[in-house]
Amino acid sequence: PTVALDAPVKRGHTLPPGTRIHDYRIDRVLGEGGFGIVYLARDHALEREVAIKEYMPSQFAQRDGRSQVSVRSMSMRETFELGRRSFVNEARLLARFDHPSLLKVYRFWEANGTAYMVMPFYQGSTVRDTVRQMSGPPSEAWIGSLLRPLAEALQVIHDAQCYHRDIAPDNVILLADTGQPLLLDFGAARRVVGGMTQALTVILKPGYAPIEQYDEIPGMKQGPWTDVYALAAVVHWLVTGQTPPPSVGRVLNDTYVPLASAAAGRYSERFLAATD
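This is a predicted model, so every value here is computed, not measured. (Residues numbered from 1 in each chain as written. Predicted model: local features only at pLDDT ≥ 70, side-chain atom pairs only at ≥ 80, totals over all residues. Heavy atoms only, no water.)

*Asks:* What's the story with the sheet that holds strand 10 (residues 172–175) in this structure? I'm lost.
*Replies:* If you trace the three strands from one edge of the open sheet to the other, you get 9-10-11, paired in antiparallel fashion. Each having just a single partner strand, strand 9 (124–126) and strand 11 (181–183) make up the two edges of the open sheet. With direction set aside, neighbouring strand axes in the sheet form an average angle of 35°. The pairing of strand 10 with strand 11 spans three bridges and is classified as antiparallel. Note that in strand 11 the partner of Val172 across the bridge is Leu183. Along the sheet face, helix 3 (residues 140–159) touches strand 10 and strand 11 and points at about 40° away from the line of strand 11. (Pairing = 2+ DSSP bridges. Helix = DSSP H or I, 4+ residues; strand = E, 2+ residues; numbered from the N terminus. Axes fitted to C-alpha atoms, helices over the stretch in contact; angles between N-to-C directions. Contact = heavy atoms within 4.5 Å.)

*Asks:* What is the right way to look at the packing of aromatic side chains in this model?
*Replies:* Aromatic ring pairs are defined here through the distance separating the ring centres and the angle between the ring planes. Inspection of every chain in the model, using the stated rule, returns five aromatic pairs. Relative to Phe87, the ring of Tyr55 lies with its centre 5.7 Å away and its plane at 40°, an arrangement referred to as tilted. One end of the pair, Tyr55, is in strand 4 (residues 48–55); the other, Phe87, is in helix 1 (residues 77–96), with 32 residues separating them in the sequence. The pair formed by Tyr55 and Phe87 is uniform in burial state, with each residue classed as buried. Ring centres of Tyr267 and Phe271 lie 5.7 Å apart, and the angle between their planes is 35°; this geometry places the pair in the tilted category. For the pair formed by Tyr267 and Phe271, the shared burial category is buried. Here the aromatic cluster, defined as three or more aromatic residues joined through ring pairs, consists of Tyr24, Trp109 and Tyr116. The ring of Tyr106 carries the charged tip of Arg48 above its face, separated from the ring centre by 4.1 Å. One cation-aromatic arrangement involves Arg107 over Trp109; the distance from NZ or CZ to the ring centre is 5.2 Å. (Phe/Tyr/Trp six-rings, centres within 6.5 Å; stacked < 30°, edge-to-face > 60°. Buried < 20%, exposed > 50% of the residue type's maximum accessible area, 1.4 Å probe, protein only. Lys NZ or Arg CZ within 6 Å of the ring centre and 35° of its normal.)

Listed below in C-alpha cells is the structure:
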C-alpha cells in the first residue's frame, strides 16, 4: 500500500477509528495491500496528521479483538516472523535517509504482535495516473524533472548498499503541493515473504524487472544496475506508453525496438540513446 492514495479496503481486520497507539489516534484507513495497512492518524504530541503503516499479512495473520495480531496457524509463524523482521529493517533503513524523493520514517516500533512505522501523510498522484491524464506523451523536460531527483534518491540508497528493486510508474507519486517525485514501496517485508511461499503472487513487474531479479536465473547478482534498468524501463513507458518486453524473453529473443528509432524526432538523440 502507498501512503498517499485511497485504495479498496478489506473490512473486518483493520484497526477501528479512534484506536489509540502510543501518541497517535487512528482516524481512517488510507489503503490496504496483502502485507500491510496504512492509516491516517493524528499525532497528539506534535499536533499533526501522519500516516501509520501496520504490518498485517492478511493471508496468514488475523486480528484478535481490537488490536492484537496473531498467525492463523503455527505452520505460518516462521514466515510471519521473517516478514515482520524485514518490515522493521525496512523502517530502520528508511529512517536513516534524508532526501525529498525518499519516504521519511519518523518512528517505528513493535507491539500487539506486529510492527508499525510512522511517516508523513503524503498526498499526490502516481506517475502512471498523472501521465494517463495527459493529452500526449510527456516532454523531455518533464521527464528530466522526474529523473533528476529520482536518480539522486537512488544514489543515496545505493551508497548504503540498498536497492529498491520495484521501481515502476505506480511506485512513484508526484506530491500535490510541490510536484516533487517520491519513491514509494521499498517492500522489504513483501520481498522476503514472497520468497517463502508459493501461495503468494509473484512480486516481479514484467518489463520493469531485469533478468537478475528472476530467482531461477543462477549466478546473476543484483546491484545498483538493477534499479537503473527499472528506471530506464519507466522512461520507455513514459515515451512510448508501452512497457518494454520482459527481460527473460529478451534473453531468448530480444524484440526490443530501440527508442532511438521508435521515438526519433520527438526527443533528443542523446536522451533516447541514454535510455536505450
